[in-house]
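A closer look at the structure
What follows is each chain in one-letter form.
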Amino acid sequence: MTQILWTKLVCQLDENGIFIGMAEADLDVYARDGSYLMPAGCIDTEPPAPRQGYAAKWVNAEWQYLPDLRGQTAYNTETGEAITINEIGELPEYLTLLPRPDDCHDWVDGKWKLNKDKANEQKAQQLQAAKDAKLAEINTTAQAFVEQTARLAEYPQFEQSTWLEQQRESFAWEQNPEAETPMLAIIAAKRGIDLDKLRAAALRKAKEFSTLSASVAGQRQHYADLLAKAKDVAAVDAINPTYQV
């Protein structure tokens, strides 16, 4: 007695004829020839033998194998842009599986080759950017040190704007005790203190600030000189602006 097979395995294809797996076909109970009802997109043939990295396509009643790189990352040989491969088949000529090392490499004769002109230009740009950032650090650190040491935050801006004139008058008084010092005279009067005492205090503070400024200016210029001589980013990074009184 012949055993009836109510279902059989058949090959399922996608819309492009690519084998995607096995499906079941049901026996056509109304047919008398033992045929089966084929699911859409299926063919009744032996499944293709698996091949690593390839997909099987049904062409002219036989299996043909095509490269299957789906899910892998390819790179544009012009831009280096990375894209995910979604289709079966050979890679287009403008794509490669080799990642671009960096923007200084060009695709030449089937491989990435360093473009020395681009590399030198990029290196110069990186060095200049590092120098610009370091100079800003040198300057802001110097300014912050002076402000902290001189305790400038304790004085309002309008009062600081009078210091240059106070300095000028105190220096003039040092050279000539009879010199007129109208600004210092007003300040002394409003504070209710002796004018000469205020002149002496203003002179002392002016000299202290002048000495501090000169010292920090010299240190800042030293760091700026080191920066100008730096030939690479490592030399720039090695500069650590630290100021002292």
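Coordinates for the structure precede this section.
Structure report, in brief. (Residues numbered from 1 in each chain as written. Predicted model: local features only at pLDDT ≥ 70, side-chain atom pairs only at ≥ 80, totals over all residues. Heavy atoms only, no water.)

Concerning the overall build of the protein
The condition that has to hold: Numbered from the N terminus, helices here are DSSP runs of H or I no shorter than four residues, and strands are runs of E no shorter than two. Our radius of gyration is a C-alpha quantity, and the globule rule it is checked against amounts to 2.2 Å times the number of residues to the power 0.38. Think of it in three bands: with a 1.4 Å probe and only protein chains considered, a residue is buried below 20% of the maximum accessible area for its type, exposed above 50%, and partly exposed in between. Working rule for contacts: check all heavy atoms of both residues, and any pair within 4.5 Å makes them a contact. Areas reported here follow the Shrake-Rupley algorithm with a probe of radius 1.4 Å; residue values treat only the protein chains shown as occluding. We score Asp and Glu as negative and Lys and Arg as positive, and we do not count His or the chain ends. A single reference atom marks each charge: NZ on Lys, CZ on Arg, CG on Asp, CD on Glu.
When you go through the protein residue by residue, the secondary structure sums to six helices and eleven strands. Radius of gyration (C-alpha) of the protein: 42 Å, far over the 18 Å computed for a compact globule of 245 residues. Taking the principal axes of its C-alpha atoms as reference, the protein extends roughly 135 × 45 × 25 Å. Burial status across the protein gives 28% buried among its 245 residues. Contacts in the protein between residues far apart in sequence, at least 24 positions, make up 38% of those at least 6 positions apart. In the form shown here, the protein has an accessible surface area of approximately 17,100 Å², with 51% of it arising from carbon and sulfur atoms. In the protein, 25 positive and 37 negative side-chain charges are present, and the distance between their average locations comes to 12 Å.

Looking at the layout of surface pockets
If a probe the size of a water molecule is rolled over the atoms, the empty space left behind becomes visible. In plain terms, the rule: Method remark: on a 1 Å grid restricted to protein atoms, a set of points is classed as a cavity if a 1.4 Å probe fits but cannot get out and as a pocket if it is open with protein on both sides within 12 Å along at least five of seven lines; lining residues have an atom within 4 Å of a point. Grid points are joined across faces, edges and corners, and a volume is the space filled by probe spheres set on the points. Note on residue classes: Ala, Val, Leu, Ile, Met, Phe, Trp, Tyr, Cys and Pro are nonpolar, Asp, Glu, Lys and Arg are charged, and everything else, Gly too, is polar.
By volume, the largest pocket amounts to about 740 Å³. Along the wall of the largest pocket there are 23 residues; nearest its centre are Tyr155, Trp163, Gln166, Lys205 and Ala206. Mapped onto the lining of the largest pocket, the elements with two or more residues apiece are helix 2 (157-160), helix 3 (163-175), helix 4 (182-191) and helix 5 (195-229). The element that contributes the greatest number of residues to the lining of the largest pocket is helix 5, accounting for eight residues. The residue inventory of the lining of the largest pocket, partitioned by class, reads 14 nonpolar, four polar and five charged. Within this model, the second largest pocket holds a volume of roughly 200 Å³. Together, Ile83, Thr84, Ile85, Asn86, Glu87, Ile88, Gly89, Glu90, Leu91, Pro92, Tyr94 and Leu95 line the second largest pocket.

Details of the packing of aromatic side chains
Where we set the bar: Only Phe, Tyr and Trp rings are paired, with Trp represented by its six-membered ring, and only when their centres lie within 6.5 Å; those with planes under 30 degrees apart are stacked, over 60 edge-to-face, the remainder tilted.
This model, assessed by the stated rule, comprises seven aromatic pairs. Summarising the aromatic geometry, the rings of Trp58 and Trp63 are spaced 4.8 Å apart at their centres and angled 65° between planes, so their arrangement reads as edge-to-face. By relative accessible area, which is 26% here, Trp58 ends up partly exposed. Judged by its relative accessible area of 17%, Trp63 falls in the buried class. Relative to Trp112, the ring of Trp107 lies with its centre 5.1 Å away and its plane at 70°, an arrangement referred to as edge-to-face.

The values are spatial; any link to function lies outside them.
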